[in-house]
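# Topology and contacts: notes
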There are 2 protein chains.
Amino acid sequence: MKNSIGRFVPDWVDGQRLKPYAGLTAGPEVHRRVETSLRSFPRGTPKLLGSIREGLDAACVRDGSTISFHHHLRNGDAVANAVLKEAAEMGLRDLTVAASSIFPVHAPWVELIEAGVVRKIYTAYAAGPVADAVVRGKLPSPITMHSHGGRARLVESGALRIDAAFVAAPTADGAGNLNGVQGPSACGTLGYAETDVGHAATVIAITDNLVPYPACPISISQDYVDYVVAVPSIGNRSQIVSGTTRPTDEPIGLEIAATAAKVIDAVGLLDENFGFQTGAGGISLAVASCLRETMLRRGVTGSFAAGGITGYLVDMLEQGLFRSLLDVQCFDLRAVDSFRDNPRHQAMSASMYANPWNKGAVVNQLSAMILGAAEVDLDFNVNVTTASDGRIIGGSGGHSDTAAGAKLAIVTTRLRAGNVPKIVERVRTITTPGETVDVVVTEAGVAVNPLRGDVKERLVCAGIKVVPIEALYDDAHRGLEKRPASPTATGGVVGIVEYRDGTVLDVIERICE
Amino acid sequence: MKNSIGRFVPDWVDGQRLKPYAGLTAGPEVHRRVETSLRSFPRGTPKLLGSIREGLDAACVRDGSTISFHHHLRNGDAVANAVLKEAAEMGLRDLTVAASSIFPVHAPWVELIEAGVVRKIYTAYAAGPVADAVVRGKLPSPITMHSHGGRARLVESGALRIDAAFVAAPTADGAGNLNGVQGPSACGTLGYAETDVGHAATVIAITDNLVPYPACPISISQDYVDYVVAVPSIGNRSQIVSGTTRPTDEPIGLEIAATAAKVIDAVGLLDENFGFQTGAGGISLAVASCLRETMLRRGVTGSFAAGGITGYLVDMLEQGLFRSLLDVQCFDLRAVDSFRDNPRHQAMSASMYANPWNKGAVVNQLSAMILGAAEVDLDFNVNVTTASDGRIIGGSGGHSDTAAGAKLAIVTTRLRAGNVPKIVERVRTITTPGETVDVVVTEAGVAVNPLRGDVKERLVCAGIKVVPIEALYDDAHRGLEKRPASPTATGGVVGIVEYRDGTVLDVIERICE
């Protein structure tokens, strides 16, 4: 069947019935936070185990179990690899791995996938060898690619039951209190892990900094943690740096950023209620830089910046441009220090950040969100999941969550990357549905989603060059030869792209070697 | 039937089957955190309501519903009274009220009980007119008196389903983020409310300090709060002061305190792992004062002090005698300031504090707990629930939780209050079972529970006067006329005293006017 945005969605995949995307939810709905079974630990019950293997045993992980990881150490994470290696050595098979994101550092999983240790993956983002293996059809069951908020929904609603959650804990005490701000692997907030620990059947903290009780400041408390395992190292925190950490200084990028900042201002969002989120790329930070100038000039203090937090946003907090930062994950070490030292820099759980099924997530408070794009199409759909050759190069992360939540969701993109147009007729994979994307800012003008006549009017009044998205498409393709249609139907579904509410936006197809 | 400590427990009370207390649990057990149904709030759904009445309507509170309150404003709380008054005006009947504690300020409930608005009460502590009305049989269904940890268990396990939780929020924003450290009614941590909000069907914050988003530092986050109501005042925070706030200067009290401190030292607990809790009474604080001297002299820094936190414990933190404070509720305004300003002064939820059915509560980490007593009996059972005339004068609070958790649970008491002996053959009401009470310290010597031969040996070695509890009984009664047996079986059960695991320790009987 086709979903409401024209994509084919199979009825069933690997025994799981799929529900096609049918547009945005209009009003409040009743949902549930699922029941969790847990072991009570009377006084004196030891929680310290001698090894990861003892942890897998204590959690009764067996063939077919679901284990989870979080990605605060990003490309420096050593915990997921160590756990899966141990699982393989134990002879476990057919595991489902729920990893909030997957990075190149997770390359050793490829061998485990081929060996049958891992059967299924849930993730919000995948880049590197694991992603490549998936799209080549090595995983027996299609990967489910959700958003960060979708993951919180999956876990809290019980649609994804975690048998054992492994928490990479920069600091832990023997009773299971954890924090992310002390120790050699301090990575800041633990927002994604916070959601897992509330619902996993067993929670195992892996730490390289075991401290005397209590591990203040406590981020995850002892009543949620079953076991603690001390290891020599949980990873390399220098690898948490995401993006460039610095605004672009390249002229076209700067021009796009300046326009995006003008768009935000023209819509009237730059006031004391301003809630802002942006990524860590060069253009994204350049938008922040332009906004900073305007806010400083006008003496505006906005409400908050959210998301993965960079040092650049920390600077803006310290300059009085925001009252607070809401941080689900630190994107660099300056953010880690700020979170540790500044009470206005606060942690949030994945659910508080973006779960569409709780009582109101932080993304719903955003005034403006700066989104990246691999491709945008004439319906404003955005792809950040696959490249034009079909490889998986990322995934939603918070992309579709923030687009849905923000008053103004702004895609900033050049018309082309090299000779490849980024404004296309139809994106290869829909990561974020066009009805949640408000404007597309390029070096050739700004396209406004026809659903947002109000926005268009304000931009025109402000003298911003507004053009139809079709004009951007023409500009992007001008002088290029007609590209061959991108390959389709290459032999089966290897991935499901879930919207944050669990309906299916699109599928990812296998590409042949 | 009789329970394992000899008290009669009816099979059924008001349609509820009772399970008699059967001793302490030995090993890990499997329990559940119950499923919670909730309404998801898409972007833009307003949470601000115009009145408490709108809150009751929005939560669909109806005849027979269960509503909850927390007691961080203690005898200064205005929220529970306002909500119940409104409920009465709406004509609601047969409500169950789950109030974490009840104080004299809640006197207006008596009229509502008589009018049939309130049918049943759950609480950990009751003193004042409501307690008096209950024991005179005015409540149609017996009051359930649990411990603070027992309440967390009741709520998290689903044994007590809350339809609407009202949170007295010293600060709130319009999206439902709450904190207790700002505003005219700042009362500090919100530990009891934290547990309620995770499981109530609807959560309504009542605030007298509505601030722009976000209400940093956030204690309870927006994903747990349905509605926010602004009112002129949520109470009088000067009334949160609990106990005397100052060590006693009365000689017998000082002598008892000095002995208790010696007992802790003699057992070898005064080291870097020292975890300590004490109440806010004069003798309790005098124990802290004696420990302070010893710790300062020896240069010992203990691990933590926990519980309701007083300024006295804040001083000890600031003097470097503890590494941290774990605070479920501030007992005075100095504690409120400290919690706001000192990152080593941390909040804990009621569940983290004392729930026997989670993965290990803070009470399990206590080295020593100083307990008060209205009566102690020859089996070391302690009563802090009823007076010798049968009136309800308090309840467990954290008494039975900390006694069960601490390595050394110490009752400090004089032999008599006036002419009334406090060491009795059989306490009127068992609040805390004797098997969890290790020593009783009086001005006439220290009685050690026969279960703790190890403790007795150490005290004797340290030259502390150890006597059988029977000797203390004799001393307490010497020269007094034989008291008439306290009245029993006066016409029915008006209260159930639950142990922290939900089994029944005792019942409270009606007393006639």
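The model shown is predicted, which means the values in this text are computed figures rather than measured ones.

## Quick notes on the environment of T36 of chain A
Positionally, T36 of chain A belongs in strand β4 (residues 36-40). In this structure T36 of chain A comes out as buried when scored by relative accessible area, which is 2%. Considered as a pair, T36 of chain A and A200 of chain A are 164 residues apart in the sequence and their alpha carbons are 7.2 Å apart. If we skip the residues at most four places from it in the chain, T36 of chain A touches G198, H199 and A200 of chain A together with H31, R32 and R33 of chain B. Reaching out from T36 of chain A, the side chain makes a polar contact with the backbone oxygen of G198 of chain A at a distance of 3.5 Å.

## As for the relation of the copies chain A and chain B
When chain A is brought onto chain B, the operation consists of a screw motion whose angular component is 180° and whose axial shift is 0.0 Å, with 0.0 Å RMSD remaining. Look at the turn and shift together and you get a two-fold axis relating the two. Residue E35 of chain A, judged by its C-alpha, is the member of chain A lying nearest the rotation axis, at 2.0 Å. Comparing contact sets, 100% of the residues at the interface of chain A also lie at the interface in chain B, consistent with an isologous, same-surface contact.

## Some details on helix α9 (residues 311-318) of chain A
All names here are of chain A. Judged by how many residues are buried, α9 sits mostly within the fold: six of eight residues are covered. Buried within α9 are the following residues: G311, Y312, L313, V314, M316 and L317. Looking at the buried residues of α9, the elements they touch are β16 (275-277), α8 (282-298), β17 (302-309), β18 (322-330), α10 (333-341) and β19 (345-347). G320 lies just past α9 and shows a positive phi near 80°.

## Re the pairing of strand β27 (residues 439-442) of chain A
Residue and element names in this part refer to chain A. Every second residue of β27 is oriented toward a common face, with V439 and V441 on one face and V440 and T442 on the other, all of them buried. The sheet contact formed by strand β23 (residues 408-412) and β27 spans three bridges and is parallel. Note that in β27 the partner of T412 across the bridge is V441. Note: β27 against strand β28 (residues 445-448), four bridges, orientation antiparallel. Directly across from V441, in β28, lies its bridge partner V446. Once β27 ends, the chain turns through two residues before running back antiparallel as β28.

## A closer look at the pattern of salt bridges
Under the definition given, this model contains 44 salt bridges over all chains. Close ionic contact of D341 of chain A with R340 of chain A constitutes a salt bridge, the shortest N to O distance being 3.0 Å. Look at R340 of chain A and you get partly exposed, because its relative accessible area is 40%. Close ionic contact of R292 of chain B with E293 of chain B constitutes a salt bridge, the shortest N to O distance being 2.7 Å. Three or more residues are tied together by salt bridges with common partners; here these are R39 and D226 of chain A together with K359 of chain B.

## Brief notes about the interface of chain A and chain B
Contacts between chain A and chain B engage 63 residues on the former and 63 residues on the latter. Taken together, both faces of the contact between chain A and chain B bury some 5100 Å²; the carbon and sulfur share is 50%. In terms of surface lost to chain B, no three residues of chain A exceed R33, L38 and K359 of chain A, which account for 18% of the buried area on that side. Taken together, the connections running from chain A to chain B amount to four salt bridges. Between R32 of chain B and E35 of chain A there is a salt bridge, and its shortest N-O distance comes to 3.0 Å. Run the count over chain A and chain B and you get 36 residue pairs in polar contact (both at pLDDT 80 or more). Here the side of chain A that touches chain B is composed, by residue class, of 29 nonpolar, 22 polar and twelve charged. Of the pairings in the sheet, the one linking strand β3 (residues 29-33) of chain A to strand β4 (residues 36-40) of chain B comprises five bridges and is antiparallel in character. Within β4 of chain B, the position partnered with R32 of chain A by the bridge is S37 of chain B.

## With respect to the packing of helix α9 (residues 311-318) of chain B against helix α10 (residues 333-341) of chain B
Residues and elements named next belong to chain B. Look at α9 against α10: their axes get within 7 Å of each other, and the N-to-C directions meet at 40°. Comparing their axes, α10 and α9 come out oblique. Judged by residue contacts, G311, V314, D315 and E318 of α9 engage R334, A335 and S338 from α10. Classifying every residue of the contact of α9 with α10 by side-chain character gives two nonpolar, two polar and three charged.

## Examining unusual backbone geometry
Where the residue is not glycine, phi is negative for most of them; where a peptide bond is considered, it is trans in most cases. Along the chain, Y213 of chain A connects to P214 of chain A via a cis peptide bond; the corresponding omega equals -10°. Here P214 of chain A is to be found in the loop between β14 (210-211) and β15 (227-230). That bond from C216 of chain B to P217 of chain B is cis: its omega, -5°, falls within 30 degrees of zero. Tracing the backbone through its elements, the reader meets P217 of chain B in the loop between β14 (210-211) and β15 (227-230). Phi angles above zero are rare outside glycine, and R74 of chain A is one such case at about 45°. By the element assignment, R74 of chain A lies in the loop between β6 (66-69) and α2 (79-89).

## Observations regarding the sheet that holds strand β13 (residues 202-207) of chain B
Strands belonging to one sheet form pairs held by backbone hydrogen bonds; the direction of such a pair is parallel or antiparallel. Residues and elements named next belong to chain B. Within the open sheet, the ten strands sit side by side as β5-β15-β13-β10-β6-β7-β8-β9-β29-β30. Their pairing is mixed. Each edge of the open sheet carries a strand with a single partner, namely β5 (48-49) and β30 (504-509). As defined by bridge partners, strand β8 (residues 118-123) adjoins strand β9 (residues 143-145) across two bridges and the pair is classed as parallel. Note that in β9 the partner of Y122 across the bridge is T144.

## Examining the packing of aromatic side chains
Residues and elements named next belong to chain A. This structure, assessed with the given rule, holds 18 aromatic pairs over all chains. Aromatic pair F41 and Y227: ring centres 5.9 Å apart, planes at 65°, arrangement edge-to-face. Here F41, found in the loop between β4 and β5 (48-49), pairs with Y227, found in strand β15; they are 186 residues apart in sequence, far enough to count as distant. Overall, the relative accessible area of 11% leaves Y227 in the buried class.

## Re helix α14 (residues 469-477) of chain A
Residue and element names in this part refer to chain A. Listed in full, the buried residues belonging to α14 are I469, L472, Y473 and A476. Each buried residue of α14 lies within a common arc of 105° when the element is viewed along its axis, so the set occupies one face. Turning to α14, the residues buried within the fold contact β21 (375-377), β24 (416-417), β25 (420-421), β26 (423-424), β27 and β28. One or two steps after α14, the chain reaches G479, where phi turns positive at roughly 80°.

Rules used in this analysis
Residues numbered from 1 in each chain as written. Chains lettered and ligands numbered in written order. Predicted model: local features only at pLDDT ≥ 70, side-chain atom pairs only at ≥ 80, totals over all residues. Heavy atoms only, no water. Helix = DSSP H or I, 4+ residues; strand = E, 2+ residues; numbered from the N terminus. Buried < 20%, exposed > 50% of the residue type's maximum accessible area, 1.4 Å probe, protein only. Contact = heavy atoms within 4.5 Å. Polar contact = N/O pair within 3.5 Å; in protein donor to acceptor, adjacent residues only side chain to side chain. Least-squares fit on C-alpha atoms with pLDDT ≥ 70 in both. Pairing = 2+ DSSP bridges. Salt bridge = Lys/Arg side-chain N within 4 Å of Asp/Glu carboxyl O. Buried area = accessible area lost by both parts, 1.4 Å probe. Nonpolar A, V, L, I, M, F, W, Y, C, P; charged D, E, K, R; others polar. Axes fitted to C-alpha atoms, helices over the stretch in contact; angles between N-to-C directions. Parallel < 35°, antiparallel > 145°, perpendicular 65-115°, else oblique. Phe/Tyr/Trp six-rings, centres within 6.5 Å; stacked < 30°, edge-to-face > 60°. Arc of directions from axis to C-beta.

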